[in-house]
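# Architecture at a glance
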Amino acid sequence: MSKLKRKEYEALLEPLQLELARMARWVQHSGQRVLVLFEGRDTAGKGGAIQAIAEHLNPRQCRVVALPKPTERESTQWYFQRYVTHLPAAGEIVLMDRSWYNRAGVEHVMGYCTEPQYRAFLAQTPVFEQLLVDDGILLFKYWLTVDQEQQEKRFAERHVDPLKGWKLSPVDLKSRSKYTAYTEAREAMLRATHRDAAPWTLVDFDDQKRGRLTLIRNLLDRLPDTHVDEPIPELPPLKGKLHEEHFGALKPIEAFPIGD
């Protein structure tokens, strides 16, 4: 299957983003709580997928959560504690760029947690997620897949692109040689945490544009009927003369030069 061209992608994305906007109105109107987890290998495209969803949503309603590594204090807390504080309230959508599943992935593979901590996580996570679902949270878990050849191409792009260099962390570089170990960790995680109450959905992200469209379509299809009539306020004409804006002695800076 050929990769989508940008113009084709943008044409297909626009109606999905309109549906997302309607979905967000429904979430706000109904007081639902939506939580979407984005997991996957480094370079899979989690950030781009999240941006495509959140781009035209109200940032006061749709929050993106991307936590750094735990602080010294957080590392002594109940493992799920720092994630609980970011769960959605009524009318909110939370998009997590990586989540508590760090423990089943990078922490386990790179040796940042102990074996008992890892085993406890696999046992406790289905219970934790069942509690979230029982409390009414609409929980969606997506794993973005990417093969090693594509991953290496994206690592190379990040290495030479100064605008993407921040995405290439020392941990990413160490992880390159552990592709098989991450595969084994992912399979163990899926076996332990794929449950009816909180199932995993795998999406092919070798073509990131097509992957974003597939993920968004799946998310929208799994939500209930989200149509809420949106009242459009009338914009009455202004009375009187329009005035040019003035700043007294201060002046705006010169406009950015374009062309000759």
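The name an unreviewed UniProt entry gives the protein chain is ADP/GDP-polyphosphate phosphotransferase, with Stenotrophomonas oahuensis as the organism. What UniProt records for the protein chain under Subunit (unreviewed entry) is the sentence "Homotetramer." UniProt lists a comment for the protein chain under the heading Function (unreviewed entry), and it reads "Uses inorganic polyphosphate (polyP) as a donor to convert GDP to GTP or ADP to ATP."

## Observations regarding the overall build of the protein chain
When helices and strands are tallied, the protein chain shows nine helices and five strands. For the protein chain, the N- to C-terminal ordering of α and β elements is α-β-α-β-α-β-α-α-β-α-α-α-β-α. Across the 260 residues that make up the protein chain, the buried fraction comes to 40%. Long-range pairs, those at least 24 residues apart, make up 78% of the contacts in the protein chain with a sequence separation of at least 6. As presented, the protein chain carries roughly 16,400 Å² of accessible surface, and 55% of it is formed by carbon and sulfur atoms. For the protein chain, the centre of its 37 positive side-chain charges and the centre of its 37 negative side-chain charges are spaced 3 Å apart.

## Quick look at the sheet that holds strand 2 (residues 62-65)
Pairing in this open sheet of five strands is parallel, and the strands run 2-3-1-4-5 from one edge to the other. Of all strands in the sheet, those with a lone pairing partner are strand 2 and strand 5 (200-204), marking the two edges. In this sheet, neighbouring strand axes are inclined to one another by 20 degrees on average, regardless of whether the strands run parallel or antiparallel. Of the pairings in the sheet, the one linking strand 1 (residues 33-40) to strand 3 (residues 92-97) comprises six bridges and is parallel in character.

## Comments concerning helix 8 (residues 179-193)
Between the first and last C-alpha of helix 8 there are 21 Å, a value that for 15 residues agrees with the 21 Å anticipated at 1.5 Å per step. Among all positions in helix 8, only Tyr 179, Tyr 182, Ala 185, Arg 186, Ala 188, Met 189, Leu 190, Ala 192 and Thr 193 are buried.

## Comments concerning the pattern of salt bridges
Throughout the structure, instances matching the rule amount to 14 salt bridges. Linking Glu 10 and Arg 6 is a salt bridge whose minimum nitrogen-to-oxygen distance equals 3.6 Å. In this pair, Glu 10 and Arg 6 are both assigned in helix 1 (residues 6-30), four residues apart and thus about one turn of the helix distant. Residue classification places Glu 10 among the partly exposed positions, given a relative accessible area of 42%. One salt bridge in this structure joins Arg 119 and Glu 115, with 2.9 Å as the shortest N-O distance. Here the residue Arg 119 and the residue Glu 115 both occupy positions in helix 5 (residues 115-134), the gap between them amounting to four residues, near one helical turn. Salt bridges sharing common partners tie together Glu 19, Arg 217 and Asp 221.

## A closer look at unusual backbone geometry
One non-glycine residue, Thr 43, lies in the positive phi region at around 75 degrees. Its location among the elements puts Thr 43 in the loop between strand 1 and helix 2 (46-54). Even without a glycine there, the phi angle at Arg 98 is positive, about 70 degrees. By relative accessible area, Arg 98 is classed as partly exposed at 26%.

Analysis parameters
Residues numbered from 1 in each chain as written. Predicted model: local features only at pLDDT ≥ 70, side-chain atom pairs only at ≥ 80, totals over all residues. Heavy atoms only, no water. UniProt positions renumbered as here; feature names shortened; annotations may be inferred. Helix = DSSP H or I, 4+ residues; strand = E, 2+ residues; numbered from the N terminus. Buried < 20%, exposed > 50% of the residue type's maximum accessible area, 1.4 Å probe, protein only. Contact = heavy atoms within 4.5 Å. Areas by Shrake-Rupley, 256 points an atom, 1.4 Å probe, with all protein chains shown as cover. Lys, Arg positive; Asp, Glu negative; His and termini not counted. Charge placed at Lys NZ, Arg CZ, Asp CG, Glu CD. Pairing = 2+ DSSP bridges. Axes fitted to C-alpha atoms, helices over the stretch in contact; angles between N-to-C directions. Expected span 1.5 Å × (residues − 1). Salt bridge = Lys/Arg side-chain N within 4 Å of Asp/Glu carboxyl O.

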